[in-house]
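Okay, here's what each chain looks like letter by letter:
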Amino acid sequence: MINIPKGTKDVLPDQSYKWQFIEDCARSTAAAFGMKEVRTPVFEHTELFLRGVGDTTDIVNKEMYTFLDKGGRSITLKPEGTAGVARMFVEKGLSSAALPLKAYYITPCYRYERPQAGRLREFHQFGIEMFGASAPSADAEVIFAASSFLQKLGIKDTRLEINSIGCKTCRAEYNAALRKYFSGYSEKMCPVCRERLEKNPLRILDCKEEECRKIISGAPSILDYLCDDCAAHFSSVRSLLDKQGVQYTVNSGIVRGLDYYTRTVFEFVSTAIGAQGTVCGGGRYDGLISELGGSSVPAIGFAAGIERLMLLMENTGVEFPQPPVPAIYVAGMDDDSRAEAFSIVNGLRQKGLCAETDLMNRSVKAQMKYADKTGAKFVAVIGGEELADRAVNIKKMSDGTSQSVAFEDIYNYLKQNI
Ligand code: HAM
């Protein structure tokens, strides 16, 4: 037997309705906000992620699935959705489309991480990206879209944390302050953070090592270093969220694990799913489009991990809508009856109902057992008598009552009674 690769999951037939529910909620939320679906390749040129996600991030340094293809090109499976959509925006000249351009995607992503609850090597993101809008209302709209999505799923158990990590100008000053602060502790910090101190001190704030966390707790706050424009922007975003009644806390420790962010960053976090508590994260990334060779176009978005949402919903008892079941199972007693049952169910299917019949030449008893397992709402058994009468008793499984119905009326009967 060949096993599934570590850090990946199968979606079994009796579980897929949960995925479909989450995806339906994603699509209907996106539609309500005027977002159109985009699809980009699962693999891209490695350089896209080096430039987009950033070469000082854990994702790029440790987690990418990178390989040379048969033509000798360096290819990477997408570790996240934003860079590919930004690449598409630049390459396809979408800045000349009506702006803001609002896009969404549901995509598999790949990160070579140590698997644990809520952390996989192949996982799926529902993400949205908005290009062209720099106003604080765009930030508020994107956060509101994420919050509406979680609400639609029936998730109550998250808190929203927001922060601003400033623009290039104020970040330079903040980075200098961080370097100064952390260089006093470099002996005590983990080797990775010592390296981060040189290359990108902001990344240190993301370290999970206990000793580093203690040092980080005394570090200067970005909020004290925001320039006037960034501070005003953040303040407007907050008052727009307040007006919408969106609850949040400001957490200056949120810096996100990707380098492209500017200004507003946010996360929806839960304590109900273990160490990997962030179900949704996002923020503004005003420099990415020009970094990828486009003009200067502001952008903002988020992505939510579908497996983490599922885990959260299961752990907190959120009810999924019941999976669909067949409207009817039509059994046949002999070859002629089976042939009739076969044409009856196909007629019902053409009219849009889910109907089932025997495909394994089973006894009527075994057919009924199977019908019960499928959860069929009605069952009917056709034999010689039914063939002669062109009518059959249709039994309602929920209460055991039955009714004789002419073959040609079965569709109407079911439509009226399911
Ligand atoms: P991210 O925070 O790296 O952001 O990932 C977004 C979400 O994907 C996380 O909150 C989590 O739910 C899920 N996720 C990440 N890694 C894993 C994993 N190994 N296993 C399971 N789920 C995972 C981004 O990817 C940005 N592109 C979000 C964004 C869009 N920012 C702006 N636009």
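Everything that follows concerns the structure shown earlier in this document.
Because the structure is predicted, anything quoted here is derived from the model rather than measured. (Residues numbered from 1 in each chain as written. Predicted model: local features only at pLDDT ≥ 70, side-chain atom pairs only at ≥ 80, totals over all residues. Heavy atoms only, no water.)

### Observations regarding the sheet that holds strand β3 (residues 66-68)
Taken in spatial order, the three strands line up as β2-β4-β3 in an open sheet, and their pairing is antiparallel. In this open sheet, the two strands that pair with only one neighbour each are β2 (43-45) and β3. Averaged over all pairs of adjacent strands, the angle between strand axes in this sheet comes to 35 degrees, irrespective of strand direction. Relative to strand β4 (residues 74-77), β2 runs antiparallel, the two sharing three bridges. Directly across from E44, in β4, lies its bridge partner T76. (Pairing = 2+ DSSP bridges. Helix = DSSP H or I, 4+ residues; strand = E, 2+ residues; numbered from the N terminus. Axes fitted to C-alpha atoms, helices over the stretch in contact; angles between N-to-C directions.)

### Re the site of the ligand
Surrounding the ligand, one finds 26 residues, the nearest of these being E80, T82, E113, E129 and Y261. Between the ligand and E80 there is a distance of 2.6 Å, counted from a nitrogen atom to a side-chain nitrogen or oxygen. E113 places a polar side-chain atom, nitrogen or oxygen, 2.7 Å from a nitrogen atom of the ligand. Protein contacts shield 96% of the accessible area of the ligand, which totals 660 Å² for the unbound molecule. Put simply, the parts of the chain that give the shell around the ligand at least two residues each are β6 (122-131), β10 (278-284) and β11 (299-305). Here the shell around the ligand takes six residues from β10, the largest share from any one element. (Near = heavy atom within 4 Å. Polar contact = N/O pair within 3.5 Å; in protein donor to acceptor, adjacent residues only side chain to side chain. Areas by Shrake-Rupley, 256 points an atom, 1.4 Å probe, with all protein chains shown as cover.)

### Re the sheet that holds strand β15 (residues 391-396)
Across the sheet, five strands lie side by side as β13-β12-β14-β15-β16; this open sheet has mixed pairing. The open sheet has two edge strands, β13 (355-357) and β16 (402-406), and neither has a second partner. Taken over all neighbouring pairs, the strand axes of this sheet differ in orientation by 25 degrees on average, direction set aside. In terms of strand pairing, strand β12 (residues 328-332) meets β13 through three bridges, oriented parallel. Looking at the pairing, V330 lines up with T357 of β13. Packed on one face of the sheet, helix α13 (residues 364-374) meets β12, β13 and β14 (378-382) and runs near 170 degrees to β12. (Contact = heavy atoms within 4.5 Å.)

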